[in-house]
Every structure is written in structure tokens, then in C-alpha cells.
Amino acid sequence: MDDTVALVDCNSFYASCERVFAPDLEGRPVVVLSNNDGCVVSRSDEAKALGIEIGVPIFKCGRLLLNSGGRIFSSNYSLYGDMSQRVMETLSAFTPSMEVYSIDEAFLFLSGFSRTALTDYGRKIRKTVRQWTGIPVSVGIGPTKTLAKIANRIAKKDPRLGGSFNVRGHPRIDAILESVDVGDVWGVGPRYARLLRKNGIFTARALRDAPDRWVRKNMTITGLRTATELRGTPCIPIEEAPPPKKGVVSSRSFGSPVESLDAVLEALSNYAATAARKLRAQCSAASVIGVFLATDRFRPGPQYANFITAKLPVPTSFTPDLVRHARALLRVIYRPGYSYRKTGVLLDGIIPEGNAQLNLFESAPDERQAELMRTVDRINDRLGGDTVHLGAEGIRRAWGMKRLKLSPCYTTRWNELPVVRC
DNA sequence: TCTGGGGTCCTAGGACCC
DNA sequence: TCTGGGGTCCTAGGACCC
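Residues numbered from 1 in each chain as written. Chains lettered and ligands numbered in written order. Predicted model: local features only at pLDDT ≥ 70, side-chain atom pairs only at ≥ 80, totals over all residues. Heavy atoms only, no water.

(A) Summary view of the layout of surface pockets. Considered as a void within the structure, the second largest pocket measures approximately 1,200 Å³ in volume. Residue lining of the second largest pocket: 46 residues in total, with Cys10, Asn11, Ser12, Lys48 and Lys156 positioned closest to the centre. Broken down by element, the lining of the second largest pocket gets its largest block of residues, seven residues, from helix α6 (residues 145-157). Within the lining of the second largest pocket, the residues separate by chemical class into 17 nonpolar, twelve polar and 17 charged. (1 Å grid on protein atoms, 1.4 Å probe; cavity = no way out; pocket = protein on both sides within 12 Å on 5 of 7 lines; lining within 4 Å. Points joined across faces, edges and corners; volume = space filled by probe spheres on them. Helix = DSSP H or I, 4+ residues; strand = E, 2+ residues; numbered from the N terminus. Nonpolar A, V, L, I, M, F, W, Y, C, P; charged D, E, K, R; others polar.)

Following this line, the structure appears as C-alpha cells:
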């Protein structure tokens, strides 16, 4: 059977999104920061060339960037989410079957192409996405997901390849795998990389050729799958429709430290509402709720962290109920006198909506509540995430994220549309 | 000056049952 | 002086991903 997988991966995705709407940044270093403008999470090639590493705090490299004519952006997830959708829609025209793997990656199932035709098809995909969305992508092709990942890395690194590389049936596959560090293989993290090197396995090729029994024993069944995929036998299927999430977390660090119970409650209510919305988006209800609260372990001063969970009387996705339970749990673990950095909500025990086992002492789910949530979600989808919310989530939000370098929401807010002057 | 947020899968071991 | 053995379910923790 002729399994062929293409991994399409957006180059420097967040930085590329910013550049689409600020073409004067073409050819200049651009970085995008994590929440609260902490550290670098995306870099253009020019920023990489300056030696700016991923994850580095911005205060360490901000001056260098600006002196080199670069730009710094706070992360703007409404923009990236919307651009991602456009890219994925474009890709879906190229295959009957694909898996959206992350905000900036998709696996495309391809078949019925000859070897050379595949590479050209990859280039065509790349050109079309660039034309239709402005986002540059790289295409890696192989008989398995793991090999497509490797092909993609090579396509990205070697500009002579025109952004598309195919390892399926490649005559020099041994040399290719020999050139890939074992730590760069998909599924091999830092821990396994260290273990492998200690045992004399330094390259993707050596992992491919390692004995099954040893791999299975030291890296579990997942490691064995990786090794098998390196040999060209698919073990990790393409999942077109992602299964519903088994847990939903919503948490965020505060823009600045927070001490008062009221402020923490406000933030937590906001996160609980976000989590509830995620739950409804996948038509689920939660039967367990957890809340955590922590000070900043990187800062000197008294430290405190705690986590508490409770079973809900009836599985629900009704925002007011979840917010109420979250607030009650927070009151249990909150201690005055600390500077808090972070709080969050975790929803677990997730079941399909309408499947709830009714509690003998609770009334049946209220259809009016469900209708209310549907209406609120519709309004917020259309007019922006926070148009309708509970008073408990706060208005002024002193705890909110620090985002000093935010670009406009070019694609999701009418009043922030880009303007073209002729 | 400051260090993100949100997931998945697998395994070992304890609790519990017969 | 003796106190089995085997199965299932759940949870915590470790590894990974972007």
C-alpha cells in the first residue's frame, strides 16, 4: 500500500503573521513574545541569524533587536488563530484527507503520485499558501509521519530545495538519517536523547537500526513506534477529526503580582468562563473541577502553592455553575499575605453533553440554561471573545496580561482592518 | 528588567474485589 | 504458626508534543 504523508509547517508562524500585515518588516528581524511579554516564542530568520534563541527573556535581546532594525510584538492569538484557519482551508484543497496537528502544522495524506511529481506537488502547495494567505510554509514528504517530519526539517534548512523535500524511496535515505541528530527526531525529547546517546545511539539512523527489544524496554511502546516509523512502516495514523479533549485547562500568569482575594477571584472567574466555553465548543460537560493558585517561584519572598479538586454534583458546562464552584474552591486554598503570580481552572471527568448521569437529588438539566449559553457563545463568536461576560469576571482587570506591543487584530475586528491608501 | 500555556500517551503501583 | 493469587480500576508521575 502506498502510504504517503506530507507535513506542511508554517515558517516562523507568529512572526510571519505579523509580517503579512506590515510588509515593511520583510527582510528585517521580527520576534513575537510569550504572554505578559516575557520571552521570545517566535523569530523570523533574520532574528535567528542575530543569535536570538527561542525562550530567551526579551530584556536580554531587545536592545540588539531594535538596534538591528527589528520589531518586537506581543502575542496576538486572535490574529494567529484566524490566519491558521486560512492556511488550513487552503491546504484542504490539496488532499481529501488531512489532520490539523497544531496551530501551524498539518499532515496531508497524499497518494497516487510518482516520486518526482510529489516534490513538485509540495512546491505547488507552498506557492499557493503563500499567494492566498501570505504565509511561507515548508513541505516534507515521506512514507510515515516521523519521516515526513524529518523531510520537513531538511526542506526548511536547505534553501536550494525550494521549500519541499521528499524522502519517500530516496536512494540516499541512510545518509539522510545519518545526518539527523537523534534528539531532533519527532518523539525523542531531551530525556530519551540523553539515554540514547549514553548507549551509543547518536543519529536517527542508529535509532532506526536499534534492536526492537532494547527500544521497547527503555522507551516504551511509543519509542518502538518511532523506530518503526523511521524504517518506513506507518504506526501513527492520521486523525482527521480530533477526538474531544479529555481535560480542559485555563490558566494564565498575572500581568503584575496580585494579593487581594477579590482580584484573584475575578481572574479565576474569567478563566473558568474560558474553560466552560471550550467545553461547550466540543459539546461536553465536566464532572470534576480543579483550581490552583501559586506565587512566583522565580521571585524572592514567601512562597505558596496549592491545588484542590472537587467532584461536581452534576456534570455541567454552564458557565455560572462552573464559576461558582471555582470561586468556592479558591476560597478554600487562598491565604492572605502572599503576592500571587498565577491561578487557573482545570476541568476533568469530561463526558459528551446530554449523556449526564442525573443525580437523584438534582433537577434535570435546564434547557433554558443551555439556550442561554448558546446565545452568549454566538454573540461572543461574532463580536469578540468578551462582549458578554459575567460581572464576576471584572471590568477593569488590573490582573490582566501585559501586552504592550500588541499589533491590531487586522482580520477579526472591523475597526482594526488594515487601510490601503492610494 | 524576567522565565508561557495547553495538551497527549504510557506505565507502575496501590486499592479493591472475589 | 500462618496469612493465596489473579484480575480490574484508578491515580500519579514521567515522558513527549507544539
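(B) View of the protein's contact with DNA strand C. Around DNA strand C sit 13 residues in total, of which Ser102, Lys149, Gly187, Gly189 and Tyr192 are the nearest. Within the backbone of Gly187, a nitrogen or oxygen atom sits 2.8 Å from a phosphate oxygen of DNA strand C. Arg191 is positioned with one of its side-chain polar atoms (N or O) 3.2 Å from a phosphate oxygen of DNA strand C. Ranked by residues supplied to the surface near DNA strand C, first place goes to helix α8 (residues 190-198) with three residues. Among the residues making up the surface near DNA strand C, the classes are represented as six nonpolar, three polar and four charged. (Near = heavy atom within 4 Å. Polar contact = N/O pair within 3.5 Å; in protein donor to acceptor, adjacent residues only side chain to side chain.)

(C) Representation of helix α5 (residues 115-133) within the structure. The first and last C-alpha atoms of α5 sit 27 Å apart over 19 residues, in line with the 27 Å expected at 1.5 Å per residue. Buried within α5 we find Leu118, Thr119, Tyr121, Gly122, Ile125, Thr128, Val129 and Thr133. Elements that come into contact with the buried residues of α5 comprise β1 (4-10), α1 (13-20), α4 (77-92), β6 (105-110), β7 (137-142) and β8 (164-166). Looking one or two residues past α5, Gly134 carries a phi angle of roughly 85°, positive in sign. (Expected span 1.5 Å × (residues − 1). Buried < 20%, exposed > 50% of the residue type's maximum accessible area, 1.4 Å probe, protein only. Contact = heavy atoms within 4.5 Å.)

(D) Representation of the sheet that holds strand β4 (residues 71-73). Read across the open sheet, the three strands follow the order β3-β2-β4; overall the sheet is mixed. Two strands close off the open sheet at either side, each with one partner strand: β3 (40-43) and β4. This sheet shows a mean twist of 25° between the axes of neighbouring strands, independent of strand direction. Judged from the three bridges that link them, strand β2 (residues 30-33) and β3 form a sheet pairing that is antiparallel. Bridge assignment links Val32 to a residue of β3, and that residue is Ser42. (Pairing = 2+ DSSP bridges. Axes fitted to C-alpha atoms, helices over the stretch in contact; angles between N-to-C directions.)

(E) Geometry of the protein's contact with DNA strand B. DNA strand B sits among 24 residues. The nearest are Asn35, Arg216, Val249, Ser251 and Ser253. Sugar plus phosphate: this is where 74% of the atoms of DNA strand B within 4 Å of the protein reside. One nitrogen or oxygen atom from the side chain of Arg216 is found 2.7 Å from a phosphate oxygen belonging to DNA strand B. Side-chain polar atom of Arg225 to a phosphate oxygen of DNA strand B: 2.9 Å apart, as the coordinates give it. Of all the secondary-structure elements, those providing two or more residues to the surface near DNA strand B are α10 (212-230), β9 (248-258) and β12 (340-352). Ranked by residues supplied to the surface near DNA strand B, first place goes to β9 with six residues. Here the residues of the surface near DNA strand B are counted per class, giving five nonpolar, nine polar and ten charged.

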